[in-house]
Amino acid sequence: FTGSSPGSRSNSATGGPVIVELPLEKIKRPLIRTSDPKKVKELMDSIQKIGLEVPVDVIEVDGVYYGTCSSESSLKCYYTYSFFLFNFCFTCIGLSGCHRYEAHQRLGLLKIRCKVRHGTKETLRHYLR
Ligand code: ADP
């Protein structure tokens, strides 16, 4: 399942991933990783021209959305969410979308199309490995 039309939802009955537009501010980004400014710029140009073709990965745990990596607010998240995110931070390499997220931010877009999977604290670590 990839989801083709913007805002489309699917698989909600089976618990599979759904494609939704989420406000950027609702996505917590616990992983520290430096983004490549050139990539971000290229994505900004492309997203402006043709829109976001591939949604970013997001995991929903207890109503909180986690996605992408972050170069700024990571440390805050890191300490706030303590043990769980401690593990999450070190296993979160599977969540793509860092550059797309930052491209949206820099374009001043308020929402981003996401492929959201439901997870629990326990399953999340395994899923992200
Ligand atoms: P990210 O950190 O966001 O995953 P990458 O540079 O690793 O950044 O990958 C960019 C991804 O963005 C690719 O998977 C590409 O298919 C996807 N993508 C989605 N929309 C666009 C677009 N409009 N132009 C270029 N790539 C796009």
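Our structure is the block above this text.
Residues numbered from 1 in each chain as written. Predicted model: local features only at pLDDT ≥ 70, side-chain atom pairs only at ≥ 80, totals over all residues. Heavy atoms only, no water.

Chemist: Looking at this structure, I do not really get the overall build of the chain. What am I missing?
Modeler: Helices and strands together make up the secondary structure of the chain, namely five helices and seven strands. Going from the N terminus to the C terminus, the chain shows its helices and strands as β-β-β-α-β-β-β-α-α-α-β-α. Taking all 129 residues of the chain together, the buried fraction comes to 43%. Put simply, 82% of the contacts in the chain that link residues at least 6 apart link residues at least 24 apart. In the structure as shown, the chain presents an accessible area of about 7500 Å², 54% of it carried by carbon and sulfur atoms. (Helix = DSSP H or I, 4+ residues; strand = E, 2+ residues; numbered from the N terminus. Buried < 20%, exposed > 50% of the residue type's maximum accessible area, 1.4 Å probe, protein only. Contact = heavy atoms within 4.5 Å. Areas by Shrake-Rupley, 256 points an atom, 1.4 Å probe, with all protein chains shown as cover.)

Chemist: Is there a simple way to explain the site of the ligand in this structure?
Modeler: With respect to spatial proximity, 14 residues lie near the ligand, and among them Ser46, Gly51, Glu53, His99 and Arg100 are the closest. Between the ligand and Glu53 there is a distance of 2.8 Å, counted from a nitrogen atom to a backbone nitrogen or oxygen. When contributions to the shell around the ligand are tallied by element, the ones reaching two or more residues are helix 1 (37-50) and helix 4 (98-107). When residues of the shell around the ligand are assigned to their parent elements, the largest contribution, five residues, is made by helix 1. Residue composition of the shell around the ligand, grouped by class: six nonpolar, five polar and three charged. (Near = heavy atom within 4 Å. Polar contact = N/O pair within 3.5 Å; in protein donor to acceptor, adjacent residues only side chain to side chain. Nonpolar A, V, L, I, M, F, W, Y, C, P; charged D, E, K, R; others polar.)

Chemist: Whenever I open this one, unusual backbone geometry confuses me. Can you help?
Modeler: Glycine aside, residues mostly have negative phi, and peptide bonds are mostly found in the trans state. Of note, the phi angle at Asp62 is positive, near 50 degrees, even though the residue is not glycine. Its location among the elements puts Asp62 in the loop between strand 4 (56-61) and strand 5 (64-67).

Chemist: Is there a simple way to think about the environment of Ser96 in this case?
Modeler: Within the fold, Ser96 resides in the loop between helix 3 (82-91) and helix 4. The class of Ser96 is partly exposed, set by a relative accessible area of 30%. It is 8.4 Å that separates the C-alpha atoms of Ser96 and Val58, two residues lying 38 residues apart in sequence.

Chemist: Hey, could you run me through the packing of helix 1 against helix 4 in this one?
Modeler: How two helices sit against one another is set out by the angle between their axes and by the gap between those axes. Contact pair helix 1 / helix 4: the axes reach a minimum separation of 8 Å and the direction vectors enclose 65 degrees. Between helix 1 and helix 4, the crossing angle belongs to the class labelled roughly perpendicular. Seen along the crossing, helix 1 lies across helix 4 with a hand that is right-handed. In this structure, helix 1 uses Lys39, Val40, Leu43, Met44, Ile47 and Gln48 to contact helix 4, whose residues at the interface are His99, Arg100, Glu102, Ala103, His104, Arg106 and Leu107. (Axes fitted to C-alpha atoms, helices over the stretch in contact; angles between N-to-C directions. Parallel < 35°, antiparallel > 145°, perpendicular 65-115°, else oblique. Left-handed = near helix turned anticlockwise from the far one by under 90°.)

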